[in-house]
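One-letter residues, chain by chain:
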Amino acid sequence: MALNPANGEKYNNTTDPTTTAPSLRRKLNLSFKHRRRGASYIFFSRIFHRRYLLILAILYIIGLVTCAGPLLTILHPPPPPEPGSLYRSHELFQKLWPEIQSDNTSVIELSSLWRYRRRLKEQRACPNATAGWQPASPGLRSYLIVDANGGLNQQRSSICNAVALAGLLNATLVIPHFDLHSVWKDPSEFADIYDEDHFISSLKGFVTVVRDLPEELMETYDFNITNIPNIRVQAWAPARYYLDDVYPVLQEKRVIRISPFANRLAMSMPSHIQYLRCLTNYKALRFSSPILTLAKNLINRMTERSLNSGGNYVSVHLRFEEDMVAFSCCVYDGGEAEKLEMDLIRQKGWGKKFKQKNRVIAPGLNRINGRCPMTPLEVGMMLRGMGFSNDTSIYLASGKIYKEERYLAPLYKMFPLLQTKESLASADELAAFQGYSSRLAALDYMVCLFSEVFVTTQGGNFPHFLMGHRKFIFNGHAKTIKPDKSKLVVLLQNISASWDNFKDQMELMLAESDRKGIIVPRVKKSTRKTSIYSNPFPECRCLRESLNTSTRADLYI
């Protein structure tokens, strides 16, 4: 070894210093690279290790939840569904069908079905109907214009209320205009549905009715009725409101317009105004000649097909149309496909109405509360349980049934003599009615009106008006089966139920409908369900007594 004279460091004297320096640098570089590679390896291995542990933790949690779910279900099973909350009627039908098919042990005679009779109390003598009415002088006339909105019977309500209001305000009524409803989409006018001449003449002496405003008034508003200022009236406005707030405007302007007019007049009115409602509903509103002609033919054909029951038949108002099922938000047996279909229909028909934050959709609760439309199968099971045999003639009043072929099949199995307006009338006869929902509904209304038994399956104006009309014709008895749907859904969900037990419950339900058919509700506040249109007595008694039996029949047929 020797000392380096440059720096005094020891070096190997056998090696040239000039040749050893690069070699050392290479060794040092290699050592540094190895250290860097080792650090990178350690860094990435730690990351991989952490990710591996994270994945293991996630898999562990997933496994824990997957295993714990069934375990918790076993330890704490979910509560059973509320009685009546699920649609299982189709399952019960499949189970009971052999017994239903073979059962004819308690066949009902339609002519002796209704046992309750209306007990007539001693009544005060009816006054002269026209006494006290003083129609305004032609030179001083003021005019009432209303827009009747909604379907057939909501429009009917508007017309009756318009006559009553004209009488209250001593105004001349212009023939009501029908709004084109976004759902009904029927462009029919008054004369397409009702006999205008009969309407005007029947009200003569009570309320003056004209087809148009006089030219002098039309000129004031540029011959456009929509230019007449519209008075917005609160729902169910009382007589005092009209006399205090509306009558002064009528006196000043000589013409007022109220649109929309549905439900804008309180049910509670003075007796002479209530009489106008009776007169309009049960005498003045006679369907137009084309409707009456075909309706009479349909009634005659139903009677001919019911000779085995003395010409008597049962009518059923079924609300199981596509839009009705969607609007109800009820769930049936169509599974996920049905849900998607109903969501699309709701979106198309009502936009975002069913997706609002405060909107709660509870199909089970709707069914428990009796708000779900009855299926044809449920109607058939109910009627067979009540004792109606499979040779009973039934008229089905309805729009187009949702998935008609599928849902009507069980009803046809139980009642092969089922008829509709489409099966009773030819295509040529119905051609003039197609596309006009109110005219088609008027045909159903007339055939149901003269049936021995009427079955209502859902609320609405159609059954309310029809039940009241039947009470007026049949001396106070609606002759209507109105099922207790809250009770019925519980029975139909019980798959273990026997046919005998189900029949016992249905017979009790029929007896209750018979009893309630003659009841006149005693209520402090009148509503649509207890209105003069669904319960015409005692207010309409005097009108009924003024019309003999033959005259009452002539009014409608």
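It should be emphasised that the depicted structure is a prediction, and the values quoted were computed from it without experimental measurement. (Residues numbered from 1 in each chain as written. Predicted model: local features only at pLDDT ≥ 70, side-chain atom pairs only at ≥ 80, totals over all residues. Heavy atoms only, no water.)

*Asks:* What should I look at first to understand the side chain of S315 in this one?
*Replies:* One can find S315 in strand β8 (residues 314-317). Within the local environment of S315, its side chain forms a polar contact with the side chain of S451, the two groups lying 2.7 Å apart. Those residues in contact with S315 that sit more than four places away from it in its chain are Y395, C448, S451, V453, F454 and V455. (Helix = DSSP H or I, 4+ residues; strand = E, 2+ residues; numbered from the N terminus. Polar contact = N/O pair within 3.5 Å; in protein donor to acceptor, adjacent residues only side chain to side chain. Contact = heavy atoms within 4.5 Å.)

*Asks:* It is not clear to me how helix α17 (residues 437-449) should be interpreted in this structure. Could you clarify?
*Replies:* Because an α-helix packs 3.6 residues into every turn, residues spaced three or four apart end up facing the same way. Its 13 residues place the ends of α17 18 Å apart at the C-alpha level, agreeing with the 18 Å of an ideal helix rising 1.5 Å per residue. Within α17, 12 of the 13 residues are buried, which leaves the element mostly enclosed by the surrounding structure. Along α17, the residues that are buried comprise S438, R439, L440, A441, A442, L443, D444, Y445, M446, V447, C448 and L449. (Expected span 1.5 Å × (residues − 1). Buried < 20%, exposed > 50% of the residue type's maximum accessible area, 1.4 Å probe, protein only.)

*Asks:* Can you help me understand the state of the cysteines in this one?
*Replies:* A disulfide bridge is the covalent bond that connects two cysteines by way of their sulfur atoms. What the rule picks out here adds up to 2 disulfides. The partner cysteine of C278 in its disulfide is C540, sulfur to sulfur 2.0 Å. Across the disulfide from C278 to C540, rotation about the S-S bond amounts to roughly -80°, and the bridge is consequently left-handed. Taken together, the positions of C278 in helix α8 (residues 271-284) and C540 in the loop between α20 (499-516) and α21 (541-546) put the pair 262 residues apart, joining distant regions of the chain. Between the sulfur atoms of C330 and its disulfide partner C372 the distance amounts to 2.0 Å. Of note, the bridge from C330 to C372 carries an S-S torsion of about -90° and is left-handed in sense. (Disulfide = S-S within 2.5 Å.)

*Asks:* Looking at this model, I keep getting lost on helix α13 (residues 376-386). Mind explaining?
*Replies:* Taking burial as the measure, the 11 residues of α13 include 11 buried ones, the bulk of the element. The complete set of buried residues in α13 reads P376, L377, E378, V379, G380, M381, M382, L383, R384, G385 and M386.

*Asks:* What is the right way to look at the side chain of N161 in this model?
*Replies:* Position of N161 among the secondary structure elements: in helix α3 (residues 152-169). Given the relative accessible area of 1%, N161 is considered buried. Dropping the residues within four chain positions of it, N161 is found in contact with F261, L265, R277 and Y533.

*Asks:* Sorry if this is basic, but what is going on with the pattern of salt bridges here?
*Replies:* Where side chains of opposite charge bring their charged atoms close, a pairing between them can arise. In the structure shown here, the tally under the stated rule is 22 salt bridges. Between R211 and E196 there is a salt bridge, with its nearest N and O atoms 2.7 Å apart. Placement of R211 in the loop between β6 (209-210) and α6 (215-220) and of E196 in helix α5 (residues 196-202) is noted, with a sequence separation of 15 residues between them. Overall, the relative accessible area of 41% leaves R211 in the partly exposed class. Under the relative-accessibility criterion, E196 is labelled buried at 17%. With a shortest N-O distance of 3.2 Å, K339 and D343 are connected by a salt bridge. Linking K339 with D343, this pair stays in helix α11 (residues 335-350), spanning 4 residues, or about one helical turn. Take K339: its relative accessible area is 45%, and that puts it in the partly exposed class. (Salt bridge = Lys/Arg side-chain N within 4 Å of Asp/Glu carboxyl O.)

*Asks:* What is the right way to look at the sheet that holds β8 in this model?
*Replies:* The strands making up a sheet associate through hydrogen bonds between their backbones, and the pairing can be parallel or antiparallel. Ordered in space as β10-β9-β8-β11-β12, the 5 strands form an open sheet in which the pairing is parallel. This sheet does not close on itself; its edge strands, each paired only once, are β10 (418-419) and β12 (480-481). Where β8 meets strand β9 (residues 394-397), 4 bridges bridge the pair, whose relative direction is parallel. Bridging from a neighbouring strand, V316 pairs with L396 of β9. Along the sheet, α17 contacts β8, β9 and β11 (453-456); its crossing angle with β9, the most-contacted strand, is approximately 150°. Packed on one face of the sheet, helix α18 (residues 461-473) meets β8, β11 and β12 and runs near 155° to β11. (Pairing = 2+ DSSP bridges. Axes fitted to C-alpha atoms, helices over the stretch in contact; angles between N-to-C directions.)

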